[in-house]
Amino acid sequence: MDKKFKILSIDGGGIRGIYSAIILKEIEDKFNIKLNEHFDLIAGTSTGSILAASIATDIPLSEVINLYKDEGEKIFKLRMTGAKGLFKSRYNNSHLKKILSEKFDNKTLSDPSIKTRLLIPTTDISNGDVHVIKSYYIKEFKRDKDRKIQDAVLSSCSAPLYFNPNKVDKYLLADGGLWANNPSLVALTEGIGKIKSTEEIEKITLDNTHLLSIGTGIGHKYYDSKDSSSNNWGFLTKWGNSKLVDTILNLQSINVHNTVNFMLPTNNYLRINFESDKNLSLDSVDIITELESKAARAFAHNSEKIKTLLELED
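Note that the coordinates shown come from a computational prediction; the quantities given were computed from them, not determined experimentally.

Draft legend 1. How the structure looks around a nonpolar patch on the surface. A contiguous nonpolar surface patch, about 220 Å² in accessible area, is contributed by Ile-125, Leu-172 and Leu-178. You can see Leu-172 is positioned in strand E6 (residues 171–175).

Take a look at the structure:
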């Protein structure tokens, strides 16, 4: 059987990342594999970058799941002056920084503990540009070599209005979800256009790339058509600041899914996600139980497709 270039892509979505974490743990447990040994490239944005970096560095997914459950309320603890995100970010990132420091222990992106290629999209708001942070798998690309994993993850998690941007070197970085909340297309482009080949694959192409994309849910009830005649479409009124950010992230994920689904052969791509008729915020810890149930159901319904895509055995 010809070797396939396998990509794992994990969406952003704040607390909803527990949905992705549970599905990924189920894959490891059900098929008795290590994700960092099975995938040639793992890409994660925002909350997905926590998962991607954890998988790449062998942090057990059970620890990450517990992180969402045990630390979610502390990470998303409203600041007294930040409730609306009008003058300050809604949340202080100090607790998230503390957790990332504990988990990744000052490891850099060239640390030997990274077991596979790792890619984390961020946004360079100081230059108005995309900013992709990578582990040191292309020797000519040295910009990120000595950067800390925790800085890359914190930057990608810094969603506007929710957290302050993060300064890394000379760059002011924010959430990669502004342009790559679903990093599937970035990862696909990286494989074909930058990595190009591996020891086992002479040339990486669309035909020999298999991509598993894990979402964090898509909400469809952010705005109501009955408000169309209102004149109160200001940032804090009908647009509703964080609702607008959530909508932008959702639309980006949908667009990338549609594009990748069109580009890759049918049997080479699997997207696991769910839709909701209500809004799905990034910071509502109250939906964790619901997300756990949805994740278990999604894995059960897609286990055979996962097995086929990844060429696995029970």
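There is more to say, and it comes next.
Draft legend 2. Structural context of the nonpolar core. Counting residues in each nonpolar core, the largest one holds 69 residues, and the members touching the most others are Leu-8, Leu-24, Ile-27, Val-153, Leu-212 and Ile-272. If you tally residues by element for this core, the top one is helix H1 (residues 17–31), at eight residues. Apart from the residues lying within four places of it in its own chain, the contact partners of Ile-27 are Asn-32, Ile-33, Leu-35, Leu-212, Phe-299 and Ile-306. One finds Phe-5, Leu-119, Ile-138 and Leu-188 within the second-largest nonpolar core, a separate group that totals 20 residues.

Draft legend 3. Main features of the packing of aromatic side chains. The full count for this structure, using the stated rule, is six aromatic pairs. Ring plane angle 75° and centroid distance 5.3 Å describe the contact between Phe-76 and Tyr-91, whose orientation is recorded as edge-to-face. You can see Phe-76 sitting in the loop between helix H4 (61–75) and helix H5 (94–104) and its partner Tyr-91 sitting in the loop between H4 and H5, a full 15 residues away along the chain. For the pair Phe-76 and Tyr-91, one class covers both residues: buried. Ring-pair connections join several aromatic residues into one group, and the members of that group are Phe-76, Tyr-91, Tyr-162 and Phe-163. The residue whose ring lies beneath Lys-145 is Tyr-136, and the NZ or CZ to ring-centre distance is 5.5 Å.

Draft legend 4. Layout of the environment of Ile-218. Within the secondary structure layout, Ile-218 lies in strand E8 (residues 218–219). Taking the C-alpha atoms as reference, Ile-218 lies 8.3 Å from Ile-254; in sequence the two are 36 residues apart. Ile-218 has contacts with Asn-250, Ser-253, Ile-254, Asn-273, Phe-274, Glu-275, Ser-276 and Leu-280, leaving out every residue within four places of it along the chain.

Draft legend 5. Highlighting unusual backbone geometry. The backbone of Asp-105 shows a phi angle near 50°, a positive value even though the residue is not glycine. Looking at the secondary structure, you find Asp-105 in the loop between H5 and strand E3 (117–124). On the basis of relative accessibility, which here comes to 53%, the residue Asp-105 falls in the exposed class.

Draft legend 6. Quick look at the side chain of Asn-182. Relative to the assigned elements, Asn-182 resides in the loop between helix H7 (177–180) and helix H8 (184–195). Under the relative-accessibility criterion, Asn-182 is labelled buried at 1%. A distance of 2.7 Å separates polar atoms of two side chains, one belonging to Asn-182 and the other to Ser-184. At a separation of 3.4 Å, a polar atom in the side chain of Asn-182 contacts the main-chain carbonyl oxygen of Ser-253. Discounting chain neighbours no more than four positions away, the residues touching Asn-182 are Ser-9, Asp-11, Ser-213, Gln-252, Ser-253, Val-256, His-257 and Arg-271.

Draft legend 7. A look at the side chain of Asn-93. Relative to the elements of secondary structure, Asn-93 occurs in the loop between H4 and H5. With sequence-adjacent residues up to four places away left out, Asn-93 is seen in contact with Leu-154, Phe-163 and Asn-164.

Draft legend 8. Region of interest: the pairing of strand E7 (residues 209–214). Within E7, six of the six residues are buried, which leaves the element mostly enclosed by the surrounding structure. Of the two faces of E7, the one carrying Thr-209, Leu-211 and Ser-213 and the one carrying His-210, Leu-212 and Ile-214 are both buried. Where E7 meets strand E9 (residues 269–272), four bridges bridge the pair, whose relative direction is parallel. What sits directly across from Ile-214, in E9, is Ile-272.

Draft legend 9. Broad picture of the packing of H1 against H4. Where H1 contacts H4, the axes come no closer than 9 Å and their chain directions differ by 160°. What the angle tells us is that H1 and H4 run roughly antiparallel. The way H1 lies across H4 gives a crossing that is left-handed. Within the contact between the two elements, H1 uses Gly-17, Ile-18, Ala-21, Ile-22, Leu-24, Lys-25 and Glu-28 and H4 uses Leu-61, Ser-62, Ile-65, Tyr-68 and Lys-69.

Cut-offs used in this document
- Residues numbered from 1 in each chain as written.
- Predicted model: local features only at pLDDT ≥ 70, side-chain atom pairs only at ≥ 80, totals over all residues.
- Heavy atoms only, no water.
- Patch = residues over 30% accessible without salt bridge, like charges linked within 9 Å, V, L, I, M, F, W, Y side chains within 5 Å.
- Areas by Shrake-Rupley, 256 points an atom, 1.4 Å probe, with all protein chains shown as cover.
- Salt bridge = Lys/Arg side-chain N within 4 Å of Asp/Glu carboxyl O.
- Helix = DSSP H or I, 4+ residues; strand = E, 2+ residues; numbered from the N terminus.
- Core = buried A, V, L, I, M, F, W, Y, C linked by side-chain atoms within 4.5 Å.
- Buried < 20%, exposed > 50% of the residue type's maximum accessible area, 1.4 Å probe, protein only.
- Contact = heavy atoms within 4.5 Å.
- Phe/Tyr/Trp six-rings, centres within 6.5 Å; stacked < 30°, edge-to-face > 60°.
- Lys NZ or Arg CZ within 6 Å of the ring centre and 35° of its normal.
- Polar contact = N/O pair within 3.5 Å; in protein donor to acceptor, adjacent residues only side chain to side chain.
- Pairing = 2+ DSSP bridges.
- Axes fitted to C-alpha atoms, helices over the stretch in contact; angles between N-to-C directions.
- Parallel < 35°, antiparallel > 145°, perpendicular 65-115°, else oblique.
- Left-handed = near helix turned anticlockwise from the far one by under 90°.

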